[in-house]
Structure formats: structure tokens, C-alpha cells
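Okay, here's what each chain looks like letter by letter:
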Amino acid sequence: MDVPSEAVFPEDFLWGAATSSYQIEGAWNTHGKGESIWDRFANTPGKIEDGTNGNIACDHYVRWRDDIALLSSLGLASYRFSICWPRILPNGTGAVNQAGLDFYSRLVDELVEQGIAPNVTLYHWDLPQVLEDRGGWPDRMIVEAFVEYADIVSRCLGDRVKMWATINEPWVIAKLGYEWGVHAPGHRDRMLAVNAAHHLLVAHGKAVPVILENSPDASVGIVLNLSPLVPATSSPADRNAARLADGDFNRWYLDALAGFGYPADVLSTYGGAFDGVKPGDMATIANPVDFLGINYYTRSIISAGSGVG
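No experiment lies behind these values; they were computed from the predicted model shown. (Residues numbered from 1 in each chain as written. Predicted model: local features only at pLDDT ≥ 70, side-chain atom pairs only at ≥ 80, totals over all residues. Heavy atoms only, no water.)

On the surface, Phe9, Phe13 and Trp15 cluster together into a nonpolar patch covering about 330 Å² of accessible area. By the secondary structure assignment, tryptophan 15 is in the segment before β1 (16–18). (Patch = residues over 30% accessible without salt bridge, like charges linked within 9 Å, V, L, I, M, F, W, Y side chains within 5 Å. Areas by Shrake-Rupley, 256 points an atom, 1.4 Å probe, with all protein chains shown as cover. Salt bridge = Lys/Arg side-chain N within 4 Å of Asp/Glu carboxyl O. Helix = DSSP H or I, 4+ residues; strand = E, 2+ residues; numbered from the N terminus.)

Now the structure itself:
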């Protein structure tokens, strides 16, 4: 088999950079911004091992012009960034913080001026704390709250933003935040996690047509973190563990988005305790998208009793 000596990318391939709001913006309690679950989590003693937080981070909220100049100097054609939900809606729903919308509008204007295509992610983990206090992603109310937020942002920016991702890495949000407790909001409950995973996908599906209505010539999708899950040995126990881990990590999201529903083998592990699917939910989740974003980090070696699921 001949191996090409160099990779050849299409002429319209966009080289870019990516960030998320909590990791770079800082300005965590200024200009009307509400508290996010990561603000609460990172500022709670003992939650982050080294005691760090995003209160200042890269100070992007102040230094955004310099940051865009750096992107331009690198010759990048695209910039993927996320919107901070509580900067737009401090109470999660209802009254809009105009200062927050204006910040992102100026950011988008400058990107366009520099010839850098803005690629917006609506949710990269910083849920308004007030919504978490009402139940967060495990609670059904979150779906309509997210759709309201998506509508507000896409109406404001949809004339200039032509690439939209609804949600970044729903597995991480659900599993690490609601079952393993190592991410905000820090819960440790498997059923909270599965309900969160479901509502994240329903919220995505309901937001897609709203975004397209506000930005009709845009591309809309979702971003998953996917990983090959390899059995440690050829034993039936390890192979079964890898299959179930793959179902929890990859197929739960891919199958549902593709219109095949949730994997039966994964559903069986809940023993009937998961009953959160309402009529029409699976069709909503499978609303057609223009792209599937993939964040790839590593493969995982799975043995019985030590899977990622």
C-alpha cells in the first residue's frame, strides 16, 4: 500500500484555533454577568485540587482585540469560541444582559474584519448557576431554557456567524459533571447523569431549527468527544466491558443523533430506572445537522470492572 509523502488538504479547508469561554474570558462577575456552575465549582474550596479558577483566566474579555490580532498574525482562517450563557442571561432565562451580547457582537465584527470566520459554540459547560439550582441538565425545564438562549444569541449574531455548534461534548457534561463529580456541578449520581445526557441531546435537537431560522444559510451541528474503546484481552468479559463502554461513550450519542435511538445494551444496564424519554424526543434529537464535530484525545483500553462507562 502506497503511503502519501505528505497530507493534502482541500483548498477550502479552514485552519483555525479553538477556545471556550470559561477557560479564557475571566471577568467572571462584571458587566452584569451571572454566576456559572464553573464559577461556583472552582471557587469552592477543595473542588479543584490546585485551587485554580477562571476568575481572570487569559483576561480575554479585556484583551480580545489583542487575541484576535494574534489569530490574524498566525494566518488562521477560522476561530471557534463559545458563548458564556450567564453573560447573556444572568438568570438563565428572561432578561437579557445587553452588555454580554454587545461583547460577542464586537468580537464577531472584528473577526469578520480580519477575514477570520467565526465558529460559535453555544454551550461549552458554563451553565448559569441559577438553572443548576433548579435542577440543571437532569431536569426537563433545561430544554426550553437552552432553546430560549440559542434563539437570543443566534438572532443577534446569525447575520455574521455561519458556523454553529449547539453543545460541546455532552458525554463530558453528563458523566464528569453529574456522575463522577470531577467537573462542575460536582454531583455523583448515575441517574442524574443519564437524564442530563438525554436532555442535552433533546436541547440540541430543538435548537437546530431555531438557529437555522435565525441564520438560514448557516451550518449547524454538535461536537462530540469520541474514543476507540479496545478490550484489554480477548476474554469474553473484557470484550463485553469494552462493548458496553463504547455504548455509553460513543453509541449513546451517535446512534441517537443518527435516528437509531439509544443502544439497547446500554439501556438494559439501567434496569428500567431511566424513563426520561418523552414522545417525540428521539425524532427531535435526530433533527438533521450539517456537520458532526469530533474532538479526539485518546483511545482507552477496557478491562472488566474498569471501563469508562
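From this point on, the discussion continues.
Once that is clear, we can look at helix α9 (residues 190–214). The end-to-end C-alpha distance of α9, which contains 25 residues, comes to 36 Å, matching closely the 36 Å that a straight helix rising 1.5 Å per residue would cover. Of all the bends in α9, the greatest, near 30°, is centred on alanine 207, and the proline proline 209 appears no more than four residues after it. Structurally, the start of α9 carries an N-cap: the backbone nitrogen of methionine 191 is 2.9 Å from a side-chain oxygen of aspartate 189. (Expected span 1.5 Å × (residues − 1). Bend = angle between axes of the 7 residues up to and from the residue. Polar contact = N/O pair within 3.5 Å; in protein donor to acceptor, adjacent residues only side chain to side chain.)

Given a rise of 1.5 Å per residue, 14 residues ought to cover 20 Å, yet the end C-alpha atoms of helix α3 (residues 60–73) are separated by just 17 Å, more than 12% below that figure. A bend of about 40° at aspartate 66 is the largest found in α3. For α3, the set of buried residues is His60, Tyr61, Trp64, Ile68 and Leu71. Where the residues of α3 are buried, they touch β1, α1 (21–24), β2 (78–82), α4 (85–88) and α5 (98–113). (Buried < 20%, exposed > 50% of the residue type's maximum accessible area, 1.4 Å probe, protein only. Contact = heavy atoms within 4.5 Å.)

In this section: the pattern of salt bridges. What the rule picks out here adds up to 15 salt bridges. Notably, a salt bridge pairs lysine 206 with glutamate 144, separated by 2.9 Å at the nearest N-O pair. Note that lysine 206 is positioned in helix α9 and glutamate 144 in helix α7 (residues 141–157), a separation of 62 residues in sequence. Residue classification places glutamate 144 among the partly exposed positions, given a relative accessible area of 45%.

As a further point, take the nonpolar core. Most often, soluble globular proteins keep nonpolar side chains buried together rather than apart. Trp85, Trp137, Phe146, Trp164 and Trp252 are the most contacted members of the largest nonpolar core, which has 84 residues in total. Broken down by element, this core gets its largest block of residues, 11 residues, from α9. (Core = buried A, V, L, I, M, F, W, Y, C linked by side-chain atoms within 4.5 Å.)

Peptide bonds are trans in most cases, and residues, glycine excluded, mostly fall at negative phi. Omega for the bond connecting alanine 184 with proline 185 falls within 30 degrees of zero, at 10°, which places this linkage in the cis form. By the secondary structure assignment, proline 185 is in the loop between α8 (170–179) and α9. Although it is not a glycine, alanine 57 sits at a positive phi angle of roughly 50°. Judged by its relative accessible area of 37%, alanine 57 is partly exposed. If you check the backbone angles, tryptophan 125 has positive phi at about 90° while not being a glycine. Within the fold, tryptophan 125 resides in the loop between β3 (117–123) and α6 (129–133).

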